[in-house]
Amino acid sequence: MPDMDRESDPGNNQHSNGGSHITSNGIIEAESKKMQLKRKAELLKTDLLRQFDSQVSDLMDSLLEESSSLERSSVSAAFSPPMSDKEKTKLGHFRPPHGEGKHFTNRRSLLDELFEVDHIRTIYHMFIALLILFILSTLVVDFIDEGRLVLDFDLLVYAFGQFPLVVCTWICMFLSVLLVPYTLFHLWSQSQAGSFGRPRLFSALLGSAFVLYQAVGLGLLPAYVVVTNSLPPASCFIIIIEQVRLMMKAYSFVRENVPKVLSWANDKTSPGPVIPQVSQYLYFLFAPTLIYRDKYPRNPVTRWSYVATKFLQVLGCLFYAYYVFVRLCIPQFRSISMQFFDLRAMVLCVFNSILPGVLVLLLAFFAFLHCWLNAFAEMLRFADRMFYKDWWNSTSFANYYRTWNVVVHDWLYYYIYKDFLLISQKRFRLAAMLFVFTISAVVHEYILAVCFGFFYPVLFCLFMFFGMMFNFILHDRRKGPIWNVIMWTALFLGQGVIICLYSQEWYAQRYCPLKEPSFLELITPRSWSCQRD
């Protein structure tokens, strides 16, 4: 028996080794399947979270818009003085129909919320550190070259030259916008109420007067003042941007109130049409929005320390831009020998201009869309602070266009895009989109042409060709980090092209002036033919 047991041991050992081998293989396969399932679960979790985040974001936006009608009664008590029954009745007439207009609600600016996070605030501190380095480098270079500290800020003094004329021009524009559109609308509403005969004739005359005022009073006269007095760039930008803003405001006031009077004329539910008060129109002219409403959600108090902080940040951004131009732009373009148009030189110029271009873009966004608009919103207790969205997270240019400047986008969307579809009975959506792009491109190029003093349609071409192309290629169905990288890369290159070509043309206009240029020479870029001796 022992011998038999000994003889059976090898078989038993072999069988047990085989079983161990099979068991170990099974364990490995199970572990492999487990890892695969775990990876699939992680991928599924990531996709579900991304979809859930997108759906929740869309749902919250829709809920915010839909809740505005419910918030009016509660918001008025919390954010504005109490309204009488008569005012509530008027507000009911003035509320836009659901889905036909922008709904305002109480919300903070996104950066104000993000700056409460330490990690995001650190990025803000990094930009401040970079500004300090710009200042130190400028002071050190000036001290080495001049033997003393140079603090004259000659570029800022030049850019904001003839400032008293700018202030006088703005006051004239503002008073005209305050008086003319309101008076014309008041007369027209009285004609619809039967105070005058022939309401159609009065509508045609007063409508023509409003269009003439927009074209001549707000259109030609401020541009004439800028051109004839040869105002420097920053002073030009103040007048021309205010010109465009006031024209958009006046149009919004008329566009929002005319349908109300026409609706009253058809129904005659009250003794007369309800006309907005002058104080409501005056508030709208200063409010940081281009969409007129008789009432806006308002905060209970004004935080003057917040206002002072925002204006100081605007001033800081102004000096930041000054040092960007002094250290990164002027030395590069002033030292360039003006030659015939050369592709290699242009490519190098574009890539060297990307850094200052991106800094100028971010400074313009932070100074105007965040600090300036929030400062005026706080002074006016204007509660809806959504002047922009998270455009930096965009994975498509379509989303970038919607979120970069919400204030202007709302005006274009409701008064150009939707009205175009209303007139065309929603049959030409592509044409409506093209029309919006064209208007935006023309206005942007008009501002630059008048302020710089030359016609060089770089921005117009970027808008109409590359902007439209990217709008269809990088559309909303493009998701994922790689598309955000592509969006930022295209944005960087675009800023480099803008800074490079406009700076070259600026110096070419001064190095190679034409005494009696023809029309063809006026519209031909001087940098293509200018050669400095």
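- Under an unreviewed UniProt entry, the name given to the protein chain is O-acyltransferase, and the organism recorded is Oryzias melastigma.
- Under Sequence similarities (unreviewed entry), UniProt gives the following word-for-word description of the protein chain: "Belongs to the membrane-bound acyltransferase family. Sterol o-acyltransferase subfamily."
- Per UniProt, the comment on the protein chain under Subcellular location (unreviewed entry) is "Endoplasmic reticulum membrane".

### Brief notes about the nonpolar core
And then number 1: Counting residues in each nonpolar core, the largest one holds 84 residues, and the members touching the most others are Val177, Phe253, Tyr281, Phe365 and Trp391.
And then number 2: Setting aside chain neighbours within four positions, we find Trp391 in contact with Leu362, Phe365, Tyr400, Thr403, Trp404, Met487, Trp488 and Leu491.
And then number 3: Counting 23 residues, the second largest nonpolar core, distinct from the first, contains Met468, Ile499, Cys500 and Trp506.

### Things to note about the environment of Leu111
And then number 1: Take Leu111: it is sitting in helix α3 (residues 110-114).
And then number 2: Judged by its relative accessible area of 9%, Leu111 is buried.
And then number 3: Here the alpha-carbon distance between Leu111 and Lys389, two residues 278 residues apart in the chain, equals 9.2 Å.
And then number 4: Excluding its chain neighbours within four sequence positions, the residues that come into contact with Leu111 are Phe365, Phe366, His370, Tyr388 and Trp392.

### Digging into the packing of helix α10 (residues 304-334) against helix α12 (residues 354-379)
And then number 1: Between α10 and α12, the least distance of the axes is 9 Å, while the angle of their chain directions is 165 degrees. In this view, α10 runs roughly antiparallel relative to α12, as classed from their interaxial angle. Of the two possible hands of crossing, α10 and α12 adopt the one that is left-handed.

### Remarks on the packing of aromatic side chains
And then number 1: Enumeration over the complete set of coordinates arrives at 49 aromatic pairs.
And then number 2: Judged by centre distance (6.0 Å) and plane angle (70 degrees), the ring pair of Trp391 and Tyr400 falls under edge-to-face. Accessibility classification places Trp391 together with Tyr400 in one group, the buried group.
And then number 3: Judged by relative accessible area, which is 8%, Tyr400 ranks as buried.
And then number 4: The structure contains a cluster of three or more aromatic residues connected by ring pairs, namely Phe365, Tyr388, Trp391, Trp392, Phe397, Tyr400, Tyr401, Trp404, Phe437, Trp488 and Phe492.
And then number 5: The ring centre of Phe104 lies 5.2 Å from the NZ or CZ of Lys102, which sits over that ring.
And then number 6: Above the face of the Tyr306 ring, Arg303 is positioned so that its terminal group lies 4.4 Å from the ring centre.

### Re the UniProt feature "transmembrane region" (unreviewed entry) in the protein chain
And then number 1: Within this numbering scheme, the UniProt entry marks residues 123-144, 156-180, 201-225, 304-325, 345-373, 428-448, 454-473 and 485-504 as carrying the feature "transmembrane region" (unreviewed entry).
And then number 2: Annotated as residues 123-144, this span is 100% helix and 0% strand, and its ends, taken at the C-alpha atoms, are 32 Å apart.
And then number 3: Here residues 485-504 is 100% helix and 0% strand, with 29 Å between the C-alpha atoms at its ends.

### Remarks on empty space enclosed by the protein
And then number 1: Tallied over the entire structure, the rule returns two cavities of 30 Å³ or more.
And then number 2: Looking at the largest cavity, its volume works out to about 80 Å³.
And then number 3: Lining the largest cavity are 13 residues, with Lys102, Phe104, Pro288, Thr289 and Asp410 positioned closest to its centre.
And then number 4: When the residues that make up the lining of the largest cavity are grouped by side-chain class, the tally is nine nonpolar, one polar and three charged.

The rules behind each value
- Residues numbered from 1 in each chain as written.
- Predicted model: local features only at pLDDT ≥ 70, side-chain atom pairs only at ≥ 80, totals over all residues.
- Heavy atoms only, no water.
- UniProt positions renumbered as here; feature names shortened; annotations may be inferred.
- Core = buried A, V, L, I, M, F, W, Y, C linked by side-chain atoms within 4.5 Å.
- Buried < 20%, exposed > 50% of the residue type's maximum accessible area, 1.4 Å probe, protein only.
- Contact = heavy atoms within 4.5 Å.
- Helix = DSSP H or I, 4+ residues; strand = E, 2+ residues; numbered from the N terminus.
- Axes fitted to C-alpha atoms, helices over the stretch in contact; angles between N-to-C directions.
- Parallel < 35°, antiparallel > 145°, perpendicular 65-115°, else oblique.
- Left-handed = near helix turned anticlockwise from the far one by under 90°.
- Phe/Tyr/Trp six-rings, centres within 6.5 Å; stacked < 30°, edge-to-face > 60°.
- Lys NZ or Arg CZ within 6 Å of the ring centre and 35° of its normal.
- 1 Å grid on protein atoms, 1.4 Å probe; cavity = no way out; pocket = protein on both sides within 12 Å on 5 of 7 lines; lining within 4 Å.
- Points joined across faces, edges and corners; volume = space filled by probe spheres on them.
- Nonpolar A, V, L, I, M, F, W, Y, C, P; charged D, E, K, R; others polar.

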